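Structure at a glance
The chain contents come next:
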Amino acid sequence: MTHRKGPRIQAVHVTPIAVTDPPLLNAAGLHAPYALRTIVELVTDDHISGISEIPGNRDIDLALAASADLLIGRDVFDLNALQQALEARFGIESTAQRGEKPWDQRKLVHIYSALEVAYMDIIGKVTGRPVVDLLGGRLRDRVPFSAYLFYKYEGAGGPLAFGTDPTATGWAAARQAAALDPPGIVAQAQAMCAKFGFQSIKLKGGVFEPRQEVDAMFALHKAFGPEVPLRIDPNALWNVETAIRFGREMEPILEYLEDPVRGQEAMARVRQAIRTPLATNMCTTSFEDIPGSIRLGSEDIILSDHHFWGGLRASMKLAGICETFGRRLSMHSNSHLGISLAAMVHLGAALPQLPFALDTHYPWQSDEVIVGGRFRFEEGSVEVPQEPGLGVELDREALARLHRNYLACGLTKRDDEIEMQKVQPGWTFQSVRW
């Protein structure tokens with residue numbers, strides 16, 4: 001049997017960047033003035049470039065660079081063998097390696113997702129088809145996203161870490177404004193929805209005591225009415241009793257409640273006590289977690305993230321498992337730029353069901369690394385790119401500028417606890433706080 005050969009990887013470029021990020025509060029502390037991302041570019045022997053983007057972390061960057069010997073000379077259609085080679089190099093990761101912070105800290109899933117997306121960008125260009133077609137074909141032309149609200153201090157990140165531009169108006173001004181109470185959260189939501197057209201709203205909780213955050217949800221409900229779906233994410237900071245108490249109170253207004261408590265068993269106890277669907281990106285985060293999820297009934301909705309589940313094809317596999325076992329699937333987000341957003345949109349367009357608007361941090365970021373600038377949202381949705389591959393290209397001038405940001409800012413990984421201690425000395429992360 002003879003096999004046709006595809007283009008082969010000739011060069012691997014790993015570029016860490018730092019993008020301005022406002023002082024957003026969350027269960028693990030405070031966002032730094034810069035969010036780290038890593039841009040991966042693979043170039044074939046016939047000069048086709050494929051790109052991807054993942055959360056930035058120096059250890060993962062070094063591991064990616066050290067993986068180059070597994071890539072050079074490899075056929076771009078050889079994804080299955082690549083995955084086996086990476087597992088042989090780095091080992092199989094366990095759920096415990098994810099860590100207790102709201103973001104995933106596993107190395108292999110980041111590496112594989114970065115390489116898989118770049119490979120698929122190349123494959124799309126070779127075949128003349130957008131990535132959505134490589135995932136089985138487009139089921140929708142536009143992918144809806146939700147407004148993602150944060151408690152925050154005044155400031156816009158970067159040089160304006162804790163300052164404001166007095167000339168800013170509209171969302172640019174709201175992006176800089178402090179939001180520490182229910183009226184501030186409502187004002188933030190109104191500005192974000194006016195700018196981007198979002199038709200559902202999520203609040204990142206786990207910052208203040210539950211009463212204050214629940215009051216904010218009722219304030220949003222009063223301001224936007226029952227036709228706008230609401231969700232809140234305490235990032236597993238509540239105990240079971242707190243989650244049941246406030247979960248019952250919010251039953252009339254919530255679309256779903258995300259990760260109110262930590263772990264599948266605790267989630268199952270809450271799920272049995274309230275009618276509101278529960279969602280997770282913290283207690284069911286890998287395929288090895290699925291049997292426990294089904295046995296316990298720990299959640300109704302799994303929030304996938306192709307960066308953390310091992311890529312786009314793995315996310316499609318997860319969608320099939322969710323359909324089999326009566327789970328619904330939506331999508332988690334992080335402080336991403338347009339390359340990650342493009343990948344999310346292609347995936348969202350290919351998913352068999354899309355019952356909820358997806359999460360996105362994109363409005364909080366002001367930098368961009370793709371040609372043509374930032375994606376446009378219309379009525380809260382993003383149009384699926386039509387061009388081959390991801391449909392986006394690297395802006396090399398922006399890449400160089402954001403890499404200089406990385407070198408200058410001195411950050412090498414995300415650590416919200418250290419940033420919070422700069423504002424509140426002695427503050428420490430607690431896995432359960434209320």
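Provided above is the structure to which this section pertains.
Residues numbered from 1 in each chain as written. Predicted model: local features only at pLDDT ≥ 70, side-chain atom pairs only at ≥ 80, totals over all residues. Heavy atoms only, no water.

Examining the sheet that holds strand 7 (residues 147-150)
Quick reminder of the rule: Two strands make a pair as long as DSSP finds a minimum of two bridges between them. Numbering of helices and strands runs from the N terminus, with a helix taken as a DSSP run of H or I at least four residues long and a strand as a DSSP run of E at least two residues long. For helices, the axis comes from a line fit to the C-alpha atoms of the stretch in contact; other axes are also lines fit to C-alpha atoms, and the angle between any two N-to-C directions lies between 0 and 180 degrees. In this description, contact between two residues means that some pair of their heavy atoms is separated by no more than 4.5 Å.
Taken in spatial order, the seven strands of this open sheet run 7-8-9-10-11-12-13, and their pairing is parallel. Of all strands in the sheet, those with a lone pairing partner are strand 7 and strand 13 (328-331), marking the two edges. Strand-to-strand twist in this sheet, taken as the mean axis angle between neighbours without regard to direction, amounts to 25°. In this sheet, strand 12 (residues 301-304) lies alongside strand 11 (residues 278-280) in parallel orientation, the contact comprising two bridges. Pairing of Ala-279 across the sheet is with Ile-301, part of strand 12. Running over the sheet, helix 8 (residues 210-224) touches strand 7, strand 8 (201-204), strand 9 (230-233) and strand 10 (254-258) and is turned about 165° from strand 9.

Overview of the pairing of strand 7
Note the cut-off: For the exposure calls, accessible area comes from a 1.4 Å probe over protein chains only, and a residue counts as buried if that area is under 20% of its type's maximum, exposed if over 50%, partly exposed in between.
With burial as the criterion, each face of strand 7 is covered, one bearing Ala-147 and Leu-149 and the other bearing Tyr-148 and Phe-150. In this sheet, strand 8 lies alongside strand 7 in parallel orientation, the contact comprising four bridges. Across the sheet, residue Ala-147 finds its bridge partner in strand 8, namely Ile-201.

Some points on the side chain of His-332
Formally: Between N or O atoms, a polar contact is any pair within 3.5 Å; within protein, one atom must be a potential hydrogen donor and the other a potential acceptor, and residues adjacent in sequence are included only when both atoms are from side chains.
Tracing the chain through its elements places His-332 in the loop between strand 13 and helix 14 (338-350). A residue is classified by how much of its surface remains accessible, and His-332, at 10% relative accessible area, is buried. There is a polar contact of 2.6 Å between the side chain of His-332 and the side chain of Asp-305. Non-local contacts of His-332, meaning those with residues more than four positions away in its chain, are made with Asn-281, Leu-303, Ser-304, Asp-305, Phe-308, Met-344 and Asp-359.

Focus on the sheet that holds strand 5 (residues 49-55)
The sheet built from three strands is open, its strands ordered 1-4-5 with antiparallel pairing. Looking at the sheet topology across the chains shown, the edges are occupied by strand 1 (9-20) and strand 5. Here the average twist between neighbouring strands, direction ignored, is 20°. Pairing analysis gives eleven bridges linking strand 1 to strand 4 (residues 34-44), with the strands arranged antiparallel. The residue bridging Val-19 from the neighbouring strand is Ala-35, located in strand 4. Sheet strands touched by helix 4 (residues 107-127): strand 1, strand 4 and strand 5. Its angle to strand 5, the strand with the most contacts, is close to 155°. Along the sheet, helix 15 (residues 396-409) contacts strand 1, strand 4 and strand 5; its crossing angle with strand 1, the most-contacted strand, is approximately 60°.

Things to note about the packing of helix 7 (residues 182-196) against helix 8
For clarity, the threshold we go by: Each angle is binned into one of four classes, with values under 35 degrees roughly parallel, values over 145 roughly antiparallel, values of 65 to 115 roughly perpendicular, and all other values oblique. In this scheme, a crossing is called left-handed if the near helix is turned counterclockwise away from the far one by less than a right angle; it is called right-handed if the turn is clockwise.
Contact pair helix 7 / helix 8: the axes reach a minimum separation of 9 Å and the direction vectors enclose 45°. As summarised for this structure, helix 7 and helix 8 are arranged oblique, according to the angle between their axes. For the pair helix 7 and helix 8, the crossing hand works out as right-handed. In contact with Pro-182, Ile-185, Val-186, Ala-189, Gln-190 and Cys-193 of helix 7, helix 8 contributes Gln-212, Asp-215, Ala-216, Ala-219, Leu-220, Ala-223 and Phe-224.

Considerations on helix 4
Inclusion rule: Residue count minus one, scaled by 1.5 Å, sets the expected span of a helix.
Helix length check: helix 4 (21 residues) gives 30 Å between terminal C-alpha atoms against 30 Å at 1.5 Å per residue, within 8%. Within helix 4, 17 of the 21 residues are buried, which leaves it mostly tucked inside the rest of the structure.

Some remarks on the nonpolar core
Short version of the rule: What makes a nonpolar core is a set of buried Ala, Val, Leu, Ile, Met, Phe, Trp, Tyr and Cys residues whose side-chain atoms join them at distances within 4.5 Å.
Within the largest apolar cluster, 123 residues are counted, with the highest numbers of intra-cluster contacts made by Phe-145, Ile-201, Leu-220 and Met-250. At eleven residues, the largest contribution of residues to this core is made by helix 4. Apart from the residues lying within four places of it in its own chain, the contact partners of Leu-220 are Leu-149, Ile-185, Val-186, Ala-189, Ile-201, Gly-225 and Leu-230. Judged by nonpolar contacts, the second largest core, of five residues, contains Tyr-256, Ala-279, Leu-303 and Phe-356.

So, helix 9 (residues 240-250)
Along helix 9, the residues that are buried comprise Val-240, Thr-242, Ala-243, Ile-244, Phe-246, Gly-247 and Met-250. Looking at the packing, one finds that the buried side of helix 9 touches helix 8, strand 9, strand 10 and helix 10 (264-273).

So, the packing of helix 3 (residues 79-90) against helix 4
What counts here: In this classification, Asp, Glu, Lys and Arg are treated as charged, Ala, Val, Leu, Ile, Met, Phe, Trp, Tyr, Cys and Pro as nonpolar, and every other residue, Gly included, as polar.
With their axes 11 Å apart at the nearest point, helix 3 and helix 4 run at an angle of 160° to one another. The pairing of helix 3 with helix 4 is recorded here as roughly antiparallel in orientation. At the point where helix 3 passes helix 4, the crossing takes the right-handed sense. Counting all contacts with helix 3, which are made through Leu-79, Leu-82, Gln-83, Leu-86, Glu-87 and Phe-90, the residues of helix 4 involved are Lys-107, Leu-108, Ile-111, Tyr-112, Leu-115, Glu-116, Tyr-119, Met-120 and Ile-123. Residue classes in the contact of helix 3 with helix 4 are distributed as eleven nonpolar, one polar and three charged.

A look at the environment of Arg-142
Looking at the element boundaries, Arg-142 is found in strand 6 (residues 142-144). Along the primary structure Arg-142 and Met-217 are separated by 75 residues, whereas in three dimensions their C-alpha atoms are 28 Å apart. Once you skip the residues sitting within four places of it in the chain, Arg-142 turns out to touch Glu-378, Ser-381, Val-382, Glu-383 and Val-384.

Describing the pairing of strand 9
Worth spelling out the cut-off: With the strands aimed away from the viewer, a crossover counts as right-handed if its path from the first strand over the helix to the second runs clockwise.
Burial along strand 9 is two-sided: Leu-230 and Ile-232 and Arg-231 and Asp-233, pointing in opposite directions, are all buried. Sheet topology note: the strand 8/strand 9 ladder contains four bridges and is parallel. Within strand 9, the residue paired with Leu-203 across the bridge is Ile-232. One crossover worth recording links strand 8 to the parallel strand 9 by way of helix 8, and it is right-handed. Relative to strand 10, strand 9 runs parallel, the two being bridged by three bridges. Each residue of the ladder has a partner; that of Ile-232, found in strand 10, is Leu-257. A crossover links strand 9 with its parallel partner strand 10, the connecting element being helix 9, and its sense is right-handed.

Distances and angles like these do not, on their own, reveal function.
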